Structure formats: structure tokens, C-alpha cells
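# Overview (structure and organization)
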Amino acid sequence: MPLTPLDIHNKEFSRKLRGYDEDEVNEFLDHIMKDFEALIRENKEIQNHNKLLQEKLDHFANIEETLSKTIIVAQEAADEVKHNAKKEAQLILKEAEKNADRIVNDALAKSRRISIEVEELRKQASIYRARFRTLVEAQLELLSQDGWDQLEQVELKELI
């Protein structure tokens, strides 16, 4: 059990012949008691200060732990956002490729249809020209026959 200032104050020594001067011993004990009280107060102040510093240290350690966890969570969130963005970009790219393929295929199909239509129109134009030529030739042949000259003369005679 630790010694207290009250223990020093209440300490009684046995008396012997030719012992120490009682007043001098009491004065020295009073001096020790005051120094001891001062040391105890100082020790309590140091303990209180130490307790306060420990509380601050615990508080800052808690803040540090919270910040570390926050940074980890933020990093995980950033990684997840990055991963999701990559996946979304891949999906957009695949969709764009599908659309491009569809557009190209549609354009090729349309080009084929137009080619077929152009070829069909060429054939029809060729047939039309051949028929028209045949018709014109037939009409020219009719015009070049002798019967027209007689018809022109008959009409002129009837008119005169």
C-alpha cells in the first residue's frame, strides 16, 4: 500500500535517550509531507493529462480507422464504377457493331434489289426499243408501199 501525506504526518517514532531533536524531525517530516503532496498532485495532473492525451489519441486513431475504411470503400466503389463502365462500353460497342452490320446488310440487300430492278428496266427498255423499232420499221414499210401515191392522187382528184 502506497504511503500518503497523512501517513507521514501521523508517523510517531519511539523515543530513546539521546535521540534526534523532535522539532527538527517534525519540521523535516512536514517538509517531506509537503513535497510528497506536491508530487502526488503533479502525478494526478500528469495522469489526467495522460488520460486526456490517450482519449485524443484514441479519437484520432478512430478517425484514422474511419478514413482508412472510407478510402477502401471509395476505392472499391471506384473500381466497381470503372468495371461497370467497361461493361457498358462493351455492350454499347457490341450494339453499335450489330447496328452497323444490320445497316451494311440492309444496304447490300437494297443495292442488290436496285441492281436487279436496273437490270430489269434495261431489259424492258431493250424490249421496248426493239418493239418500237419494229413498229417504226413497219410504219416506214407501209409508207414506202405504192398504195400511198395512188391514195394521194385520188384525194387530190376528188378535191379538184
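Up top is the structure.
A brief look at the structure comes next. (Residues numbered from 1 in each chain as written. Predicted model: local features only at pLDDT ≥ 70, side-chain atom pairs only at ≥ 80, totals over all residues. Heavy atoms only, no water.)

### A few points about the overall build of the protein chain
Counting its regular elements, the protein chain contains 3 helices and 0 strands. For a compact globule of 160 residues, the expected C-alpha radius of gyration is about 15 Å, and the protein chain comes in at 62 Å, more than 25% above that figure. Projected onto its principal axes, the C-alpha positions of the protein chain cover 195 × 30 × 15 Å. With an accessible surface of roughly 15600 Å², the protein chain has 58% of that area assigned to carbon and sulfur atoms. (Helix = DSSP H or I, 4+ residues; strand = E, 2+ residues; numbered from the N terminus. Rg over C-alpha atoms; globule rule 2.2 N^0.38 Å. Areas by Shrake-Rupley, 256 points an atom, 1.4 Å probe, with all protein chains shown as cover.)

### Focus: the packing of aromatic side chains
Tallied over the entire structure, the rule returns 1 aromatic pair. Between Tyr-128 and Phe-132, the aromatic rings sit 5.9 Å apart at their centres with planes inclined by 15°, giving stacked as the arrangement. Remark: Phe-132 and Tyr-128 occur in helix H2 (residues 22-144); sequence separation between them is 4 residues, near one turn of the helix. Judged by relative accessible area, Tyr-128 falls into the exposed class, the value being 56%. By relative accessible area, Phe-132 is classed as partly exposed at 45%. (Phe/Tyr/Trp six-rings, centres within 6.5 Å; stacked < 30°, edge-to-face > 60°. Buried < 20%, exposed > 50% of the residue type's maximum accessible area, 1.4 Å probe, protein only.)

On their own, these measurements won't tell you what the molecule is for.
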